[in-house]
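Here are the chains, one letter per residue:
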Amino acid sequence: MSTPVTRPGQHLPSHSDVEGTSVDPDAVVSAVDALVAEADVAASAPFGEGTDDPHGLVTLTRQARILDRAHEVLVDALASVDKN
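Student: Help me understand the overall build of the protein chain in this model?
Tutor: Summing up its helical and strand segments, the protein chain has two helices and zero strands in all. Split into buried and exposed, the 84 residues of the protein chain put 19% on the buried side. Long-range pairs, those at least 24 residues apart, make up 71% of the contacts in the protein chain between residues at least 6 apart in sequence.

Student: Can you help me understand the nonpolar core in this one?
Tutor: One recurring pattern in soluble globular proteins: nonpolar side chains tend to sit buried together. Formed by Val28, Val32, Leu35, Ala39, Ala42, Ile66, Ala70 and Ala77, the largest nonpolar core amounts to eight residues. Among the elements of the structure, helix H1 (25-43) and helix H2 (57-83) are those that each provide at least two residues to this core. The leading source of residues in this core is H1, at five residues. Excluding residues within four positions of it along the chain, Val32 makes contact with Ala70, Val73 and Leu74.

Student: Explain H1 to me, please; I cannot follow it from the model alone.
Tutor: Helical geometry note: an α-helix holds 3.6 residues per turn, so side chains three or four residues apart project in the same direction. Over its 19 residues, H1 extends 27 Å from the first C-alpha to the last, a length consistent with the 27 Å expected when each residue adds 1.5 Å. Within the span of H1, buried status applies to Val28, Val32, Leu35, Ala39 and Ala42. Seen from one end, H1 has its buried residues packed into an arc of 75°, which puts them on one side. H1 presents Asp26, Asp40 and Val41 as exposed residues on the side facing more than 90 degrees away from its buried surface.

Student: Explain the pattern of salt bridges here, please?
Tutor: Oppositely charged side chains may form a pair once their charged atoms are brought near each other. Across all of its chains, the model carries two salt bridges by this definition. Ionic pairing is found between Glu38 and Arg69, a salt bridge with its closest N-O pair at 3.2 Å. A residue pair is termed long-range when its members are at least 10 positions apart, and Glu38 in helix H1 and Arg69 in helix H2 qualify at 31 residues. Given a relative accessible area of 28%, Glu38 falls into the partly exposed group. Take Arg69: its relative accessible area is 38%, and that puts it in the partly exposed class. Each of Glu38, Arg62 and Arg69 takes part in a single network of salt bridges with overlapping partners.

Student: I keep staring at the environment of Ala34 and nothing clicks. Help me out?
Tutor: By the secondary structure assignment, Ala34 is in helix H1. On the basis of relative accessible area, Ala34 is assigned to the partly exposed category, the value being 45%. For the pair formed by Ala34 and Ile66, sequence separation is 32 residues and the distance between their alpha carbons is 9.9 Å.

Conventions and cut-offs
- Residues numbered from 1 in each chain as written.
- Predicted model: local features only at pLDDT ≥ 70, side-chain atom pairs only at ≥ 80, totals over all residues.
- Heavy atoms only, no water.
- Helix = DSSP H or I, 4+ residues; strand = E, 2+ residues; numbered from the N terminus.
- Buried < 20%, exposed > 50% of the residue type's maximum accessible area, 1.4 Å probe, protein only.
- Contact = heavy atoms within 4.5 Å.
- Core = buried A, V, L, I, M, F, W, Y, C linked by side-chain atoms within 4.5 Å.
- Expected span 1.5 Å × (residues − 1).
- Arc of directions from axis to C-beta.
- Salt bridge = Lys/Arg side-chain N within 4 Å of Asp/Glu carboxyl O.

In structure tokens form, the structure reads like this:
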């Protein structure tokens, strides 16, 4: 009796189930680059005394959300590759 081995991304819907759909590395790189650029812009937002973000927490939270989206793009791409 053997136990089935779970593979990374197995719980995610397969992008390869859609006919002709596959992971486009250039699209993934472009999406992540755009999100990282957006995080850089967010980092340049003013914070400190005399601003609406005196401790920088709004800026930090915005950066974290943007980078989390970039992480999701990468995880989805890796899960799609694992399924193929």
